[in-house]
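One letter stands for each residue in the lines below.
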Amino acid sequence: MNLPKYTPLKAGIIGCGNISDRYFQAGARFHDFSVIACADLQESRAREKALQYPGVVGMPVSQLLDSKAIDLAINLTVPGVHAEVAAMALEAGKHVYGEKPLALRTSDGAALLALADKQGLRVGSAPDTFLGAGMQTARKLIDDGWIGRPVAATAFMQCHGHEHWHPDPEFYYLQGGGPLFDMGPYYLTALIHLLGPVKRVCGLTSQAFPERIITSEAKYGTVVHVEVPTHVAGTLEFVQGAIVTLVTSFDVWRHSMPHLEVHGTTGSLHLPDPNTFGGELLLSRAGGETWEHLPHSHGYPTEARGIGVADMAAAIQRKEPHRASGALAYHVLEIMEALHTSADQGQHISIRSCPPRPDALDMDLRDGCVRT
Ligand SMILES: NC(=O)c1ccc[n+]([C@@H]2O[C@H](COP(=O)([O-])OP(=O)(O)OC[C@H]3O[C@@H](n4cnc5c(N)ncnc54)[C@H](O)[C@@H]3O)[C@@H](O)[C@H]2O)c1
């Protein structure tokens, strides 16, 4: 079995809320890192997770940051403090991988990347769903020429928000939330991985409901004041020429649009939900009248959150670039901010950052491995 020949990096999780279980589980599944500590502003949450996961010690955030045993902080706090917590980890000499978005503003994102450079440390960011079987297969099909030159794509993420299921859904309606900053990263990262970087954008936004009422259990009936647009329609021009339509909404009760389609000069690809690792891929080539189902070419067809952390840990050890990188997350942040700015100013906005496409993964990876 192809296990890494070096010691796995030791990680500490900051933020032990709803999504954290996925990362605790990933630490046990992937060979390139293990989770040895966790912390939360609510210390009881960290203690509970430590009881649940053998080998993990719950501690205050300051102790986790001070610990010399920890190489890497996994930042799973709410979006409003992502940049602040990540900066604290970098100042403490730790690499940091965080949930999306990278920061609330590009100025904060740029400061974070500059700090990492200064410290000689890595920044990585969710989403890492583009490393799953669905998007890796789509990448291979496009790179191998099955649809010719991509000329257009459509991306639709529409729902009625998260207040009916998330126990603490307030952050979805504050700065850093909204459908674009919350769900846009899945769609944008997948598209950048498939097509390369974005050149310019224009957007329109609206907000159907100034207040949301929580209907999940503990906070049932609590009113949340909405700070952000909850319907964002955008058009994006990619550097390679494709024009992409992106709609993200928390104002839609039901819809029947596909999550993601990419259209090329000789065919069209219907892709799975980019907020999943697997899913169905359909191809229709020029002149064809139906869709053909395609098998996955790559591994990780089911939930594998944390694969981006494993890839970053492996890349650190091997001195290679990592895929779910700070530069990629910054590009996504710049696009999202520009879509909102375009709507406010009524003009196209050029995108300045231009990261390379992350490399495709190897096709024959064993579970828990990110390198052959
Ligand atoms: N819940 C999901 O299904 C999901 C899925 C994918 C990504 N995410 C992303 O993961 C992040 C966390 O989401 P969640 O649903 O777990 O939220 P959550 O509110 O359930 O958990 C966040 C945790 O962070 C803690 N926290 C907040 N500020 C902190 C600070 N300064 N220091 C230490 N701890 C702090 C909170 O006490 C809380 O326990 C968000 O960026 C979200 O977009 C969530």
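Refer to the structure presented above.
Residues numbered from 1 in each chain as written. Predicted model: local features only at pLDDT ≥ 70, side-chain atom pairs only at ≥ 80, totals over all residues. Heavy atoms only, no water.

Student: So what exactly am I meant to see when it comes to the overall build of the chain here?
Tutor: Scanning the chain for helices and strands turns up nine helices and 17 strands. Taking 2.2 N^0.38 as the reference for a compact globule, 372 residues should give roughly 21 Å; the C-alpha atoms of the chain span a radius of gyration of 20 Å, in line with that estimate. Principal-axis analysis of the C-alpha atoms gives the chain an extent of 60 × 55 × 40 Å. With 372 residues in all, the chain has 55% of them scored as buried. Excluding contacts between residues fewer than 6 apart, the proportion of contacts in the chain whose partners are at least 24 apart in sequence is 72%. Of the accessible surface of the chain, which amounts to about 15,600 Å², a share of 54% is contributed by carbon and sulfur atoms. Once the 30 positive and 39 negative side-chain charges of the chain are each reduced to a mean point, those two points are 6 Å apart. (Helix = DSSP H or I, 4+ residues; strand = E, 2+ residues; numbered from the N terminus. Rg over C-alpha atoms; globule rule 2.2 N^0.38 Å. Buried < 20%, exposed > 50% of the residue type's maximum accessible area, 1.4 Å probe, protein only. Contact = heavy atoms within 4.5 Å. Areas by Shrake-Rupley, 256 points an atom, 1.4 Å probe, with all protein chains shown as cover. Lys, Arg positive; Asp, Glu negative; His and termini not counted. Charge placed at Lys NZ, Arg CZ, Asp CG, Glu CD.)

Student: What's the story with the site of the ligand in this structure? I'm lost.
Tutor: Near the ligand you find 26 residues, and of these Asn 18, Ile 19, Asp 40, Arg 45 and His 166 are the closest. One of the backbone N or O atoms of Leu 41 is found 3.2 Å from a nitrogen atom in the ligand. Side-chain polar atom of Lys 100 to an oxygen atom of the ligand: 3.0 Å apart, as the coordinates give it. The fraction of the free accessible surface of the ligand (830 Å²) that becomes covered by protein chains is 89%. Contributions of two or more residues to the shell around the ligand are made by α4 (82-91) and α7 (178-195). For the shell around the ligand, the per-class residue count stands at 13 nonpolar, seven polar and six charged. Inspection of the shell around the ligand shows a minimum of three residues originating in each of domain 1 (9-128 + 304-322) and domain 2 (130-294). (Near = heavy atom within 4 Å. Polar contact = N/O pair within 3.5 Å; in protein donor to acceptor, adjacent residues only side chain to side chain. Nonpolar A, V, L, I, M, F, W, Y, C, P; charged D, E, K, R; others polar. Domains from an automatic or database assignment.)

Student: Can you help me understand the side chain of His 270 in this one?
Tutor: Tracing the sequence through the fold places His 270 in strand β14 (residues 267-271). According to the relative accessible area criterion, His 270 is buried, its value standing at 19%. Engagement of the side chain of His 270 in a polar contact is seen with the side chain of Glu 261, the distance being 3.1 Å. If sequence neighbours within four positions are ignored, His 270 has contacts with Pro 258, Leu 260, Glu 261, Glu 280, Leu 281, Leu 282 and Trp 291.

Student: Whenever I open this one, the pairing of strand β5 (residues 95-98) confuses me. Can you help?
Tutor: Along any regular strand, the residues point their side chains to alternate faces of the sheet. Of the two faces of β5, the one lined by His 95 and Tyr 97 and the one lined by Val 96 and Gly 98 are each fully buried. Of the crossover connections in this fold, the one passing from strand β4 (residues 72-75) over α4 to the parallel β5 is right-handed. In the sheet, β5 pairs with strand β6 (residues 123-125) via three bridges, with the strands oriented parallel. If you follow Val 96 over to β6, its bridge partner there is Val 123. (Right-handed = clockwise from strand over helix to strand, strands pointing away. Pairing = 2+ DSSP bridges.)

Student: It is not clear to me how the side chain of His 331 should be interpreted in this structure. Could you clarify?
Tutor: The topology assignment puts His 331 in helix α9 (residues 326-345). The exposure class assigned to His 331 is buried, which follows from its relative accessible area of 0%. Those residues in contact with His 331, other than ones at most four positions away along the chain, are Ile 192, Pro 197, Val 198, Ile 351, Ser 353, Cys 354 and Pro 355.

Student: Help me understand the environment of Leu 41 in this model?
Tutor: With respect to the helices and strands, the residue Leu 41 is situated in the loop between β2 (33-39) and α2 (43-52). The exposure class of Leu 41 is exposed, given its relative accessible area of 82%. The spacing of Leu 41 and Asp 359 is 318 residues in sequence and 36 Å in space, taken between C-alpha atoms.

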